[in-house]
Amino acid sequence: MKTRITELFGIEHPIIQGGMHYVGFAELASAVSNAGGLGIITGLTQKTPQDLAKEIARCKEMTDKPFGVNLTFLPTVTAPDYPGYIDAILDGGVRIVETAGRNPQEHLPRLQEAGVKIIHKCTSVRHSLKAQKIGCDAVSVDGFECGGHPGEDDIPNMILLPRAAEELTIPFVSSGGMADARSLVASLAMGAEGMNMGTRFIATKEAPVHDNVKKAIVAASELDTRLVMRPLRNTERVLNNAAVERLLEKEQRLGKELQFQDILEEVAGVYPRIMLEGDMDAGAWSCGMVAGLIHDIPTCKELVDRIMNEAETLISQRLTGLLSAS
Ligand SMILES: Cc1cc2nc3c(=O)[nH]c(=O)nc-3n(C[C@H](O)[C@H](O)[C@H](O)COP(=O)(O)O)c2cc1C
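Keep in mind it's a predicted model, so treat the numbers as computed, not measured.

Enquirer: Before we go on, may I ask you to explain the overall build of the chain in this structure?
Expert: Along the chain, the regular secondary structure elements total 14 helices and ten strands. For the chain, the C-alpha radius of gyration of 19 Å lies close to 20 Å, the compact-globule estimate for 326 residues. Taking as baseline every contact in the chain between residues at least 6 positions apart, the subset at least 24 positions apart corresponds to 63%.

This is the structure in structure tokens:
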């Protein structure tokens, strides 16, 4: 399939694996890229720019296809060494960066002068327009369904994607709630040029996370996620567990008094324990409603091939068939 996104990134299929903390290591990124999609290493999961340089080198040993690096600009007091991470990206010859979080504008010139293509992840039309204005090449439009940070507007993709199509001139992919060929075809119908998946790619053979995480996603239904940290305006969609229930109880009890310090136990530094050790109640971890559509743990290639084959059938038989029936 050829879209503006496959052309922009030089990939075979319009399917992107979004950056994911403690999931987006070289194993997953290379597997997605080898399957013809765009794999993405999560920059900040690497503790230092030197570690990111090593991860990029590892990924290059596992694939000769294009892959990207995610740079998440967090609302933190002491900012990570972003210029150092950008050095690692440029020195490693990475040509694609997925930015997310705050406005990436101050970091764009160095990346773009080196020819790096930027896809910025946004949860609203106004942020997408801003990304377009500051020179991003594409956007990932992340609806309310998404695992991770859906923003504070709560607009699901059925509205957000066609709204983005009404306003944007740069290409965009759908993100949030995407799992299969139906997601891809629906996204294309709503104006997107491909789709970005997070949660779906965690439940794959190559995702280098503990089996308990994959099993939890397969076992979960669309009813099992919760929104946490809304009172802090840092909303995150996570899979429900004992820690999340404790966190929500604190939010309810403390109301407007809630401070980040009150929920440190449930959110700070929990990812390695969950993703690497499989301690599923260690804290709150991002997961999309799309868990309800995930029933197996295929390889990335099986998943991507299945999506593309079924998308073709869906378009050429079901949809075209509906037309000819009339
Ligand atoms: C476990 C997990 C960790 C994530 N970590 C990040 C991150 O560090 N930076 C980022 O930009 N997005 C992150 N995301 C969001 C994904 O890149 C993607 O936008 C999102 O998962 C899409 O929604 P979906 O899960 O419904 O496919 C994360 C998502 C998950 C599920």
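Still more to cover.
Enquirer: Is there a simple way to explain the environment of Cys122 in this structure?
Expert: Along the polypeptide, Cys122 turns up in strand β5 (residues 117–122). Given 24 C-beta atoms within 10 Å, Cys122 falls into the buried group. Separated by 102 residues in sequence, Cys122 and Met20 place their C-alpha atoms 15 Å apart. In contact with Cys122, other than residues within four places in its own chain, are His127, Ser128, Ala131, Val139, Val141 and Asp142.

Enquirer: Would you explain the site of the ligand in this entry?
Expert: Close contacts around the ligand come from 29 residues, with Gly18, Ala100, Gly147, Gly198 and Gly288 the closest. Listing elements by their share of the shell around the ligand, those giving two or more residues are β3 (67–73), β8 (195–197) and α9 (199–202). The residue makeup of the shell around the ligand, split by class, is nine nonpolar, 16 polar and four charged. Both domains that meet at the shell around the ligand, namely domain 1 (4–203) and domain 2 (212–289), each give it at least three residues.

Enquirer: What's the story with the domain arrangement of the chain in this structure? I'm lost.
Expert: Much of the literature gives interface size as the accessible area that the parts lose upon coming together. Split into domains, the chain comes out as domain 1 (4–203) and domain 2 (212–289). For domain 1 and domain 2, the distance between their C-alpha centroids amounts to 23 Å. At the interface, 18 residues of domain 1 touch 17 residues of domain 2. Its residues assigned to classes, the side of domain 1 that touches domain 2 shows seven nonpolar, nine polar and two charged.

Enquirer: Could you clarify how one ought to interpret the nonpolar core in this entry?
Expert: Side chains of a nonpolar character, in soluble globular proteins, are inclined to be buried together. Judged by nonpolar contacts, the single largest core of 87 residues is most densely connected at Ile41, Ile202 and Ile217. A per-element tally of this core places helix α14 (residues 300–325) first, with six residues. Counting only domains with at least three residues in this core, you end up with domain 1 (4–203) and domain 2 (212–289). When sequence neighbours within four positions are dropped, the list of residues in contact with Ile217 reads Thr199, Ile202, Ala203, Cys287, Ala291 and Ile294.

Enquirer: Help me out: how do you make sense of the sheet that holds strand β2 (residues 39–42) in this one?
Expert: Strand pairing in a sheet relies on backbone hydrogen bonds. The paired strands run either parallel or antiparallel. Strand order in this open sheet of eight strands is β1-β8-β7-β6-β5-β4-β3-β2, and the pairing throughout is parallel. A single partner strand is all that each edge strand has here, and the edge strands are β1 (15–17) and β2. With direction set aside, neighbouring strand axes in the sheet form an average angle of 30°.

Enquirer: Could you clarify how one ought to interpret helix α3 (residues 49–62) in this entry?
Expert: Side chains that are three or four residues apart share a direction in an α-helix, a result of its 3.6 residues per turn. Its 14 residues place the ends of α3 20 Å apart at the C-alpha level, agreeing with the 20 Å of an ideal helix rising 1.5 Å per residue. Taken residue by residue, α3 has Pro49, Leu52, Glu55, Ile56 and Cys59 as its buried positions. Relative to the axis of α3, the buried residues are bounded by an arc of 110° and lie together on one face. Among the exposed residues of α3, those pointing more than 90 degrees away from its buried face are Gln50 and Glu61. Residues of α3 that are buried make contact with α2 (26–34), β2, β3 and α4 (82–91).

Rules used throughout
Residues numbered from 1 in each chain as written. Predicted model: local features only at pLDDT ≥ 70, side-chain atom pairs only at ≥ 80, totals over all residues. Helix = DSSP H or I, 4+ residues; strand = E, 2+ residues; numbered from the N terminus. Rg over C-alpha atoms; globule rule 2.2 N^0.38 Å. Contact = placed C-beta atoms within 7 Å. Buried ≥ 20, exposed ≤ 12 C-beta atoms within 10 Å, placed from the backbone. Near = placed C-beta within 6 Å. Nonpolar A, V, L, I, M, F, W, Y, C, P; charged D, E, K, R; others polar. Domains from an automatic or database assignment. Core = buried A, V, L, I, M, F, W, Y, C linked by C-beta atoms within 7 Å. Pairing = 2+ DSSP bridges. Axes fitted to C-alpha atoms, helices over the stretch in contact; angles between N-to-C directions. Expected span 1.5 Å × (residues − 1). Arc of directions from axis to C-beta.

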